[in-house]
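Listed below are the residues making up each chain.
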Amino acid sequence: MTKRTRTSLFAILAIIPLMAILGWTFRSSVINWMMPEDSRPGDIIFPVEKVSASEYDRIAEGLQADYDLEFKHIKIFKEAGVTAYEGPQTCLTCHEDITVEDAHSGKEKKVKLMENLLTSTHYRFFTEKHDNVYGFNGELADNFPMGKIDRPCPKPGSFAFTAWAEIVVTAKGDTMSEGCGQCHIGGQYQAPLGEIMPGYVTEQNEKDAIDCLICHSAAYDMNKKQVAVDKNGLKRWEQDRGMRAAMSVTKTTSQTCLRCHQHNFGGDIFVDSTDTSYFQSILNTGHDRPRVLHPGSKRGTPFSPSWDVHAAAGLNCTDCHVTEGHFIAKGNHTTTMMTNDLPGVEVACENCHTSEPHSANAEIADFLNAHTEKVACVTCHIPSLHEDNATMRDFASPIFEEHPGVYVYKDVKETQPKKAITYVWWNGDATFLGNAIGDNPNGKNLYRFYNPTHVWPEFKNYDYAKWYEKVMRPLSKKKPSKLYAMKIFNGRQHIDLQNIGPFGGMYVPYNLPTYYKTGDPAKAGAMELQKGMMEMMYGTMFKVYLMDKFMRYMDDGSGKFVTEWHGDAYDDVLNMKKGKVEARWIPNDASMEISHAVRRNGALTCSNCHSKNGVLDWKKLGYEDDEVEMYSMNPLE
């Protein structure tokens, strides 16, 4: 045990009795005191815009001219004499309690708005229940906090609890904004890290900093969403708390959701000229310190009228992702989104469409409808991905972009089946690193969803096939599988080689301002490790409450390879020591669910699948030679 670890342990042991005596509120203060100085919540003073009566009327007239929506708060605010928006306290004046529909029973119930919000994924960035995520040890990854707040990922290249709000200075001398906090409703200096700890009660200054309007205002100005540096030297994300935004409060729409989520679907580059309202974040990047726009789409499935029939029909996100106040259903079929506000509430095509959806062409309708038992709708109706779709992301080989004058990762971009889209049997469950769990329903045990192509040298003799049959085959057969189209992805990033297992390990986060400016990933990794939260992650508190369990999911179930979190690796990782840290690809490509960019025109036809050179790899899907020949025959020829 290192001196640093012993000190952390003694501090925890000394404080626990005080926490028990003085109660929950004191516990929250103690937890925040134990956080690094730049990661504690603080009292933030947001500017308040007070308008005159004439200015109020002018704003109201402008909103009614610009939007074909009914803004009830224009009248409500005017009658109540509200001439300034002061954050959540303005909302809570009327909305302390809200009536919601129970997502399971359909019955109405009253809940406390703030309590409902503070326990949601959109505030916490994690849940403790993950009812469809399994570790490579075969255990359900449950009963511990996990989500974007603490889960490393080789797509952004960093962690939410370190790369929250950053100032990037480009080679041209321009100042830009970057960080995970741009897509979060909290307005503090850091992610809501205290929420991870047992017994934490959200402090008032954290509640006061919440950005209600980014989700609930039609006229929210995304140009105000940029990084600010306060007088104390701490960085945070600014908000639009102007009266125009407050007076245009409405129910959430696809446009309000996509201020954050279009980043995951269509990326930060593409704008659909059919309706640019779906791309507010890309078109309004910031007045003074614009947000960095990232090339390479995460999923390559834009949600916009030209790309998705549901967007073209005017559907809102919550038409499918039903809500219970601020709890939003994400469904039980996902490989990469670990959090789940509403376990058991499915988001599925069948919620709106029948099990026999095809009727337009009577000649083949029965044949197509016969497929729905074994083939998911997206398999045919997402035939390709956007041209900015990234299938391989290499942070270790940066390239310089003249505009805006920063180094970025190297992406391999593909759009078509076999190169960008793979077809897998999936029962809705996923591994800890985003592999779709499932099995061929023919029961012949020929199909394996995990076949590592980037085997790490430490495990070159590891018997993956034997592990699969023992640990993963039973999980694959727990529920029936359908054939799904999935997006292929792999990432290369520096790995802490003292915290690895046969299936991967702990990514080293990059300091993004350093990476963008120097193009030196090792230097960027060393710089990020200097942050207090990274030292804490390698310390005792994180080890006890999170990291030991987190890492054991990277074991194969034998307990031979990953037994605990090795916090004593910190100094080696801090110095990016050769032989202890190395850039590597994920052993097995991730298979990321794709469920947007659904098209009716251009969907795959019979011959796209039922042909020798079609999109399906029949052998990979678990069919024998004679079956491959049979299934490769177009039934309509």
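None of these values were measured; they are calculated from a predicted model.

This paragraph deals with the overall build of the protein chain. For the protein chain, the count of helices and strands is 24 helices and 17 strands. On C-alpha atoms alone, the protein chain measures out to a radius of gyration of 25 Å, which is about the 26 Å that the 2.2 N^0.38 rule sets for 637 residues. In terms of its C-alpha atoms, the protein chain occupies a principal-axis envelope of roughly 75 × 65 × 55 Å. Here the protein chain holds 637 residues, and the buried ones make up 56% of them.

Attention now moves to the pattern of salt bridges. Enumeration over the complete set of coordinates arrives at 29 salt bridges. R236 serves as the salt-bridge partner of D230, at 2.9 Å between the closest nitrogen and oxygen. By the burial criterion, D230 is buried, and R236 matches it. The closest approach of N and O atoms between K543 and E564, which form a salt bridge, is 2.8 Å. Of the two residues, K543 is situated in helix 21 (residues 540–552) and E564 in the loop between helix 21 and helix 22 (570–574); the sequence distance between them amounts to 21 residues. The structure contains a network of salt bridges with shared partners spanning D439, E469, R473 and K477.

Before going further, it helps to spend a moment on the environment of T605. Along the chain, T605 turns up in the loop between strand 17 (590–593) and helix 23 (606–609). In the structure, T605 is positioned 222 residues away from P383 in sequence and 9.6 Å away in space, judged by C-alpha atoms.

Further remarks concern the pairing of strand 5 (residues 175–178). By the bridge criterion, four bridges tie strand 4 (residues 166–169) to strand 5 in an arrangement that is antiparallel. Within strand 5, the residue paired with V168 across the bridge is M176. A loop of five residues connects strand 4 with strand 5, the two strands running antiparallel in sequence, and G173 in this loop sits at a positive phi of about 90°.

Covalent bonding between the sulfur atoms of two cysteines defines a disulfide. One pass over the full model with this rule turns up zero disulfides. Free cysteine C180: the closest other cysteine sulfur is in C183, separated by 8.8 Å. A relative accessible area of 25% means that C180 is categorised as partly exposed.

So, about the packing of helix 3 (residues 53–66) against helix 4 (residues 72–80). Running from amino to carboxyl end, helix 3 crosses helix 4 at an angle of 170°, the nearest separation of the two axes being 11 Å. By the criterion of interaxial angle, the relationship of helix 3 to helix 4 is roughly antiparallel. On helix 4, the residues that touch Y56, D57, A60, L63 and Q64 of helix 3 are H73, I74, F77 and K78.

What follows is about the packing of aromatic side chains. Overall, the coordinates contain 34 aromatic pairs when judged by the stated rule. Judged by centre distance (6.2 Å) and plane angle (45°), the rings of F136 and W467 are tilted. Separated by 331 residues along the polypeptide, F136 in the loop between strand 3 (133–134) and strand 4 and W467 in helix 17 (residues 464–476) bring together distant segments of the chain. For F136, a relative accessible area of 0% translates into the label buried. Ring centres of F136 and F503 lie 4.4 Å apart, and the angle between their planes is 10°; on these two criteria the pair is classed as stacked. In this pair, F136 sits in the loop between strand 3 and strand 4 while F503 sits in the loop between strand 14 (482–501) and strand 15 (504–507), placing the two residues 367 residues apart along the sequence. Each member of the pair F136 and F503 is classed as buried. Among the aromatic side chains, those forming a connected cluster through ring pairs are F136, F449, Y450, F459, Y462, Y464, W467, Y468, F503 and F561. Sitting over the face of the ring of Y468, R448 holds its NZ or CZ atom 5.7 Å from the ring centroid. A cation over a ring is seen here: R584 above W456, with NZ or CZ 5.1 Å from the ring centre.

With that out of the way, let us pick up the environment of S304. Here S304 shows up in the loop between helix 12 (280–283) and helix 13 (309–312). By relative accessible area, which is 0% here, S304 ends up buried. Note: C-alpha distance between S304 and Y545 (241 residues apart in sequence) is 41 Å. Once residues lying within four places of it in the same chain are set aside, the contact partners of S304 are F270, D272, Y278, F279 and A311. Among the polar contacts listed, one links the side chain of S304 to the side chain of D272, at a separation of 2.8 Å.

Conventions and cut-offs
- Residues numbered from 1 in each chain as written.
- Predicted model: local features only at pLDDT ≥ 70, side-chain atom pairs only at ≥ 80, totals over all residues.
- Heavy atoms only, no water.
- Helix = DSSP H or I, 4+ residues; strand = E, 2+ residues; numbered from the N terminus.
- Rg over C-alpha atoms; globule rule 2.2 N^0.38 Å.
- Buried < 20%, exposed > 50% of the residue type's maximum accessible area, 1.4 Å probe, protein only.
- Salt bridge = Lys/Arg side-chain N within 4 Å of Asp/Glu carboxyl O.
- Pairing = 2+ DSSP bridges.
- Disulfide = S-S within 2.5 Å.
- Axes fitted to C-alpha atoms, helices over the stretch in contact; angles between N-to-C directions.
- Parallel < 35°, antiparallel > 145°, perpendicular 65-115°, else oblique.
- Contact = heavy atoms within 4.5 Å.
- Phe/Tyr/Trp six-rings, centres within 6.5 Å; stacked < 30°, edge-to-face > 60°.
- Lys NZ or Arg CZ within 6 Å of the ring centre and 35° of its normal.
- Polar contact = N/O pair within 3.5 Å; in protein donor to acceptor, adjacent residues only side chain to side chain.

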